[in-house]
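# Fold and contact review
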Amino acid sequence: MMRYYETSKDTVLDLRAPAQIGHRSETKPADAPALRQNIPCFRPIIGEREIEAAVAVLRSGWLTTGAKAREFEQCFAALMGDDAEGIAVNSATAGLHLAAEACGIGPGDEVLVPTLTFTATAAVIRYLGAEVVLVDVEEGTRCIDLDQAERRLTPRCKAIMPVHFAGYPCDMERVLDFARRHGLRVIEDAAHALPTRCDGRLIGSWESDATVFSCYASKPITTGEGGMIITRDPKIAARTRTMRTHGLDRDAFDRFRRVGASWSYDVVAPGFKYNLTDVAAAVGVVQLSQAEVFQASRQRAAERYLEKLADLPVECPAPAPRGGLHAWHMFPIRVHEDAPADRDALIAGLAAEGIGTSVHYRPLHELSYWKERYGCKTGDFPVADRYFAGAVTLPLFPGMSDDEVDRVVDAVRDILE
Ligand SMILES: *Cc1c(COP(=O)(O)O)cnc(C)c1O
């Protein structure tokens, strides 16, 4: 059975292939009762074009980082302005690690990180032997609270890592001004932020040192696993390229294309193995061309949620500020303290209706490693704690139908009313 969801005249989303999550009704025995289709928390769209692009690379004989990775980098960078450079990596975690390394973060340094993020944002700082300074988030935007960041600053602070939470744009004017005033490098965690705009400008086109996007299976575009570093600093571009591939001064593709001594390279540092395969990059090129269509589709569903959940005892994510664009990567709500059911009951009730949910995130200061390393306790970051106590991420993905949104809303209503 094929369903198509039209979002614009020229682009058709092929919803036939819920790549890995979700269930396929054709695998049911013929006499099984007609169940309503489950609604997963997220479902990527992988169409025939992605499949053909991957197959073409598989047939080409060049599988690792090569022409397709270069093309993916160039397409990505072109979106972010003439002076941007893209460095494709095998995850956003790798990209954040490389960007922080290229910024010279090391032992003795501190980096400001919001406590409401995925552990990878902070972990890369520990890879480098530096320390993380956790900071609470703001009510509403759920992005790093710069007033608190200012209070937590020490002379050892070298960088700040704003996270565009769920695709909501951090106020980049303010972040960059804050960083300039305190001599900090800026590494944006844009894992959720494609496309996201702040004051009309895409995240990835601002003057931070580096912006890192994720192409993990459940991110705004996907290559299965993958990521992209965007930078306008030629030194960061050169260093991350080198460190992405073992610290070699030339990668395999450069050597392959050289006439003459193709075996010859030098090693300038003990680098990492963070390069993206051409198989993944080929999928990425096609996914990237649909990033805006996917966003428009998610936004449509998010707006329907905002309208239909308005009278229920939940706090919805804030819509983009004036001049901004929300990526609507996810739809994390907070169940009010005085609601008739709590977060856990809501998750269980939705699961019973075949509706997938998640929680983004248990704040870092509530997780053993970070809690023990920095001696944190519940209540230290009250905005993040209050959000987490009621946090549930509702299903949201490109191609989600009005009917699917309505089913989720009806189920939430039944549980919370
Ligand atoms: C997913 C995610 C990452 C890590 O991305 P990977 O590509 O899986 O390494 C980092 N930060 C945030 C906020 C994320 O959601």
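Residues numbered from 1 in each chain as written. Predicted model: local features only at pLDDT ≥ 70, side-chain atom pairs only at ≥ 80, totals over all residues. Heavy atoms only, no water.

### Some remarks on helix H1 (residues 48–60)
We count it as follows: Secondary structure counts use DSSP, requiring at least four H or I residues in a row for a helix and at least two E residues in a row for a strand, with both numbered from the N terminus. In a helix, the anticipated span is given by 1.5 Å times the number of residues less one. Under the scheme applied here, a residue whose accessible area is under 20% of the maximum for its type counts as buried, over 50% as exposed, and between as partly exposed, the area being computed with a 1.4 Å probe on protein chains only. This arc describes the spread of directions from the helix axis toward the C-beta atoms.
For H1, built from 13 residues, the straight-helix expectation of 18 Å at 1.5 Å per residue is met to within 8% by its first-to-last C-alpha distance of 18 Å. Turning to H1, its buried residues are Glu 50, Ala 53, Ala 54 and Val 57. One side of H1 carries all its buried residues, which in axial view fall inside an arc of 95°. Residues of H1 that are exposed and point over 90 degrees away from its buried face: Glu 52 and Arg 59. Looking at the residues trailing H1, positive phi occurs at Gly 61, about 95°.

### Digging into the domain arrangement of the protein
For clarity, the cut-off: For each domain, the first and last residues come from an automatic or database assignment. The contact definition used throughout considers only heavy atoms, calling two residues in contact when any of these lie within 4.5 Å. Once two parts are put together, the accessible area they lose, assessed with a 1.4 Å probe and summed over both, is termed the buried area. Each salt bridge in this description consists of a side-chain nitrogen of Lys or Arg and a carboxyl oxygen of Asp or Glu lying within 4 Å of one another.
Domain boundaries in the protein define domain 1 (48–288) and domain 2 (292–416). Computed over C-alpha atoms, the centres of domain 1 and domain 2 are 26 Å apart. With 41 residues of domain 1 at the contact, the number on the domain 2 side is 38 residues. Summed over both partners, the interface of domain 1 with domain 2 buries about 3200 Å², with 59% contributed by carbon and sulfur atoms. When residues of domain 1 are sorted by the area they lose upon contact with domain 2, Arg 142, Tyr 168 and Pro 195 head the list and together hold 19% of the total. Linking domain 1 with domain 2 are 3 salt bridges, by the criterion used here.

### Topic: the pairing of strand E4 (residues 110–114)
Basically, it comes down to this: Crossover handedness is defined here as right-handed if the route from the first strand over the helix to the second strand goes clockwise, with the strands pointing away from the viewer. DSSP bridges decide pairing: two strands pair if at least two such bridges lie between them.
Counting buried residues in E4 gives 5 out of 5 residues, a clear majority hidden from the surface. Neither face of E4 is left uncovered, since the one carrying Glu 110, Leu 112 and Pro 114 and the one carrying Val 111 and Val 113 both have all their residues buried. Regarding the hand of the β-α-β motif, the stretch spanning E4, helix H4 (residues 119–127) and strand E5 (residues 131–135) is right-handed. Summarising the sheet, E4 and strand E6 (residues 157–160) pair through 3 bridges and their orientation is parallel.

### Details of the packing of helix H11 (residues 343–352) against helix H14 (residues 402–416)
Note the cut-off: Axis definition: a line fit to C-alpha positions, over the contact stretch in the case of helices; interaxial angles, taken between N-to-C directions, run 0 to 180 degrees. Each angle gets one of four labels, with under 35 degrees taken as roughly parallel, over 145 as roughly antiparallel, 65 to 115 as roughly perpendicular, and the rest as oblique. If you view the pair so one helix is near and one far, a crossing is left-handed when the near helix is turned anticlockwise from the far one by less than a right angle, and right-handed when it is turned clockwise. In this count, Pro and Cys sit with the nonpolar residues alongside Ala, Val, Leu, Ile, Met, Phe, Trp and Tyr, while Asp, Glu, Lys and Arg are called charged and the others, Gly among them, polar.
As a packed pair, H11 and H14 sit with axes 10 Å apart at the nearest point and diverge in direction by 130°. By the angle between their axes, H11 is oblique relative to H14. Pair H11 / H14 crosses with right-handed handedness. Of the residues in H14, those in contact with Ala 345, Leu 346, Gly 349 and Leu 350 of H11 are Val 408, Ala 411, Val 412, Ile 415 and Leu 416. Counted by class, the contact of H11 with H14 contains 8 nonpolar, 1 polar and no charged residues.

### Things to note about the packing of aromatic side chains
Each pair of aromatic rings is reported with the distance of its centres and the angle of its planes. As a reminder of what qualifies: By convention, a stacked pair of Phe, Tyr or Trp rings (six-membered ring in the case of Trp) has centres within 6.5 Å and planes under 30 degrees apart, an edge-to-face pair has planes over 60 apart, and any other such pair is tilted.
The final tally for this structure, using the stated rule, is 10 aromatic pairs. Summarising the aromatic geometry, the rings of Phe 76 and Phe 213 are spaced 5.1 Å apart at their centres and angled 45° between planes, so their arrangement reads as tilted. Placement of Phe 76 in helix H2 (residues 67–79) and of Phe 213 in strand E10 (residues 210–214) is noted, with a sequence separation of 137 residues between them. By the burial criterion, Phe 76 is buried, and Phe 213 matches it.

### Observations concerning the packing of helix H3 (residues 92–102) against helix H7 (residues 234–244)
At a minimum axis distance of 9 Å, the contact between H3 and H7 shows a crossing angle of 125°. In terms of their interaxial angle, H3 and H7 are classed as oblique. For the element pair H3 and H7, the recorded crossing hand is right-handed. Taking contact as the criterion, the partners of Leu 98, Ala 99, Glu 101 and Ala 102 in H3 are, on H7, Ile 236, Arg 239, Thr 240, Met 243 and Arg 244. Class assignment of the residues belonging to the contact of H3 with H7 gives a composition of 5 nonpolar, 1 polar and 3 charged.

### Considering the environment of Asp 199
Mapped onto the secondary structure, Asp 199 falls in the loop between strand E8 (197–198) and strand E9 (201–202). On the accessibility criterion, Asp 199 (45% relative accessible area) is partly exposed. Once the C-alpha coordinates of Asp 199 and Arg 322 are considered, the two residues, 123 residues apart in sequence, prove to be 7.2 Å apart.

### A word on the sheet that holds strand E13 (residues 331–335)
In spatial order, the strands read E12-E13-E14; together these 3 strands make up an open sheet with antiparallel pairing. One side of each edge strand has no neighbouring strand; the edge strands of this open sheet are strand E12 (314–315) and strand E14 (391–394). Bridge analysis of E12 against E13 gives 2 bridges, and the strand direction is antiparallel. By the bridge assignment for E13, Glu 315 is matched with Arg 334. Against the sheet, H11 contacts E13 and E14, and its axis sits at roughly 25° relative to E14.

### Structural notes on the pattern of salt bridges
Inspection of the entire model under this criterion finds 31 salt bridges. Here the salt bridges share partners, and the residues they tie into one network are Glu 139, Arg 142, Glu 315, Arg 334, Glu 337 and Arg 386.

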